[in-house]
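# Survey of secondary and tertiary structure
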Amino acid sequence: MHHHPTDILIAGQWRRGAGEPVDTVDPATGAVLATVHSASADEVGEAAEAAAAAAADPRWRDLLPHQRARVLHRIGDLVEAAADELAAVQTADTGKTLAETRALALSAAGTFRYMAAVLETAEDSLTPSRGAYVTMSVHEPVGVVGAVNPWNSPVASDAQKIAPALAAGNAVLLKPAAWTPLVSLRLGRLITRALEEHHLPTALLSVLPGSGRIVGDALVRHPLVARIGFTGGTSTGRGIAAVAAQKLVPASLELGGKSPTIVRADADVEQALAGVMFGIFSSSGQSCIAGSRLFVARELYDSFLGKLVERVRALRVGPGTDPATQVGPLVHHRHRDAVAAWVDLARSEGARVLCGGAAPDGERYRDGAYYLPTVLDGLPNTSRTCREEIFGPVLVALPYDDEDDLVRQANDSVYGLACGIWTRDARAAWRLARRIEAGTVWINTYKQFSASTPFSGWKDSGLGMEKGRDAIRSYQRQKSLYWGTSDAPLPWAG
């Protein structure tokens with residue numbers, strides 16, 4: 001099969017979308033990488049109908065769990081073998097460093113393998129009988145799953161939705177972000193290949209790039225889409241939840257964050273400095289779980305901030321293709337301008353800009369969507385800068401007096417996604433970890449991820465779960481079977 005590199009995957013077929021053309025740009029250089037024609041609303045409908053037929057096809061529906069697991073293992077192998085290519089495509093499209101995009105590709109492979117293992121070893125229950133019957137639980141696929149992903153970590157977030165959805169026996173409609181469709185399309189090629197090798201309908205996966213306004217809306221509203229998985233902004237998430245409520249279908253939503261990272265007076269300062277920087281400046285801060293609010297014990301505050309700023313100034317900013325780069329460009333020039341506007345707002349609120357606060361100077365940076373790693377302080381936690389998600393390399397630092405003060409401020413946020421705690425005191429870490437309102441808490445580390453460990457947002461950070469053993473079940477419908485065992489006639493027997 002010869003594909004044009006910008007064809008999209010509609011109903012199992014590679015072809016040019018009928019929707020609007022979107023230029024996808026290398027944010028390090030401003031050069032257009034490709035022009036991808038979006039899917040149209042009609043094509044979303046075509047993909048949904050083909051997906052429903054594929055999900056019901058006996059070739060797929062009748063596969064036993066261990067046979068379906070083999071397909072997932074094959075996808076994992078293909079993704080791992082293509083990791084360098086997937087990394088190069090994703091770095092070109094998103095600006096992330098090659099080290100990070102390679103790790104994301106390998107994470108995607110690991111997710112397919114983990115879900116294959118869970119699928120093959122999942123058990124259902126025989127429930128205690130309360131009468132003359134045997135009761136058991138079984139799980140059925142929902143049919144067609146809609147997966148809508150953002151631009152910041154495409155291949156890994158794609159796997160987090162596609163792997164459990166396929167493991168559960170469904171078909172998937174994936175909408176990658178309009179700005180970064182290329183790596184999701186490559187992943188689609190690999191999955192299509194695995195389906196063909198196993199003589200399965202390729203319409204089990206469609207990859208439908210385009211705007212949320214057109215493609216996302218058509219996908220979420222389609223009557224055949226029986227389960228929605230969304231990662232992205234909180235306001236879009238609310239809109240999707242409203243549609244899901246009308247349709248009475250489940251939705252899992254992984255939304256924004258303004259995560260606190262806490263440095264206690266007894267922390268290992270070297271470790272904390274590295275961890276705090278990694279937590280906010282890796283991915284250029286374009287991460288839902290970025291540790292964007294830094295709380296430091298007051299007695300340590302001045303010395304810690306002094307060291308931190310000195311190190312942040314030394315971070316190497318550059319293109320993701322340069323192995324020396326620590327902080328790449330932002331995903332898009334429009335997004336870089338939005339981050340710059342947030343820092344201008346911080347200035348107007350009275351922030352001190354301790355470092356950064358501008359785009360870097362020089363020929364190397366001229367055409368790219370760069371912004372310097374920025375540390376701000378002097379603002380109260382009630383300021384907009386401390387409350388709203390900036391989604392860029394911007395850290396705001398605050399001192400705290402005692403644990404109650406810290407917990408009150410850390411939890412005084414509409415978000416509850418993640419938290420980092422740097423301390424040598426295990427009891428204090430346990431106490432804080434239990435008091436902070438967040439779905440994930442990292443202790444003396446940050447931004448570690450495991451396919452085996454559930455991921456969820458509290459409050460405005462989301463609804464439902466991703467990852468973990470139960471992910472597959474969340475893409476299925478539970479059914480109870482009652483088997484009568486009595487020879488006695490039923491009450492109304494003639």
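Residues numbered from 1 in each chain as written. Predicted model: local features only at pLDDT ≥ 70, side-chain atom pairs only at ≥ 80, totals over all residues. Heavy atoms only, no water.

The chain is annotated in an unreviewed UniProt entry as Aldehyde dehydrogenase family protein of Streptomyces zhihengii. Quoted verbatim from the Sequence similarities (unreviewed entry) heading of the UniProt record, the comment on the chain is "Belongs to the aldehyde dehydrogenase family." (UniProt positions renumbered as here; feature names shortened; annotations may be inferred.)

On a plain count of helices and strands, the chain comes out with 15 helices and 24 strands. The principal-axis extents of the C-alpha atoms in the chain amount to approximately 85 × 55 × 40 Å. Of all 494 residues assigned to the chain, the portion counted as buried reaches 57%. Put simply, 73% of the contacts in the chain that link residues at least 6 apart link residues at least 24 apart. Between the averaged position of the 50 positive side-chain charges in the chain and that of its 53 negative side-chain charges there is a distance of 2 Å. (Helix = DSSP H or I, 4+ residues; strand = E, 2+ residues; numbered from the N terminus. Buried < 20%, exposed > 50% of the residue type's maximum accessible area, 1.4 Å probe, protein only. Contact = heavy atoms within 4.5 Å. Lys, Arg positive; Asp, Glu negative; His and termini not counted. Charge placed at Lys NZ, Arg CZ, Asp CG, Glu CD.)

Counted according to the given criterion, the structure contains 34 salt bridges. Salt-bridge contacts for Arg-15 lead to Glu-46; the nearest nitrogen and oxygen are separated by 2.8 Å. Of this pair, Arg-15 sits in strand β2 (residues 13-15) while Glu-46 is found in helix α1 (residues 41-56), placing the two residues 31 residues apart along the sequence. Looking at Arg-15, the relative accessible area reads 27%, which means it is partly exposed. Exposure remark for Glu-46: the relative accessible area of 34% places this residue in the partly exposed category. Measuring nitrogen to oxygen at the nearest pair gives 3.1 Å for the salt bridge that ties Arg-366 to Asp-367. Taking the relative accessible area as the measure of exposure, Asp-367 reaches 40% and is therefore partly exposed. Each of the salt bridges in this network shares a partner with another, and the network as a whole consists of Arg-264, Asp-266, Glu-403, Asp-404, Asp-425, Arg-431 and Arg-435. (Salt bridge = Lys/Arg side-chain N within 4 Å of Asp/Glu carboxyl O.)

Here we come to the sheet that holds strand β12 (residues 260-263). In space, the 7 strands of this open sheet follow the order β14-β15-β16-β13-β12-β18-β19, with mixed pairing throughout. Whereas interior strands pair on both sides, the edge strands pair on one side only; in this sheet they are β14 (352-355) and β19 (440-443). Strand-to-strand, the axes of this sheet are offset by a mean angle of 25°, without reference to chain direction. (Pairing = 2+ DSSP bridges. Axes fitted to C-alpha atoms, helices over the stretch in contact; angles between N-to-C directions.)

Membership of the largest hydrophobic core comes to 86 residues, with the highest contact counts inside it found for Ile-162, Leu-173 and Ile-191. The greatest single-element share of this core, amounting to 10 residues, is contributed by helix α5 (residues 98-121). For Ile-162, the contacting residues outside a window of four places in its chain are Phe-112, Val-172, Leu-174, Leu-187, Ile-191 and Leu-205. (Core = buried A, V, L, I, M, F, W, Y, C linked by side-chain atoms within 4.5 Å.)

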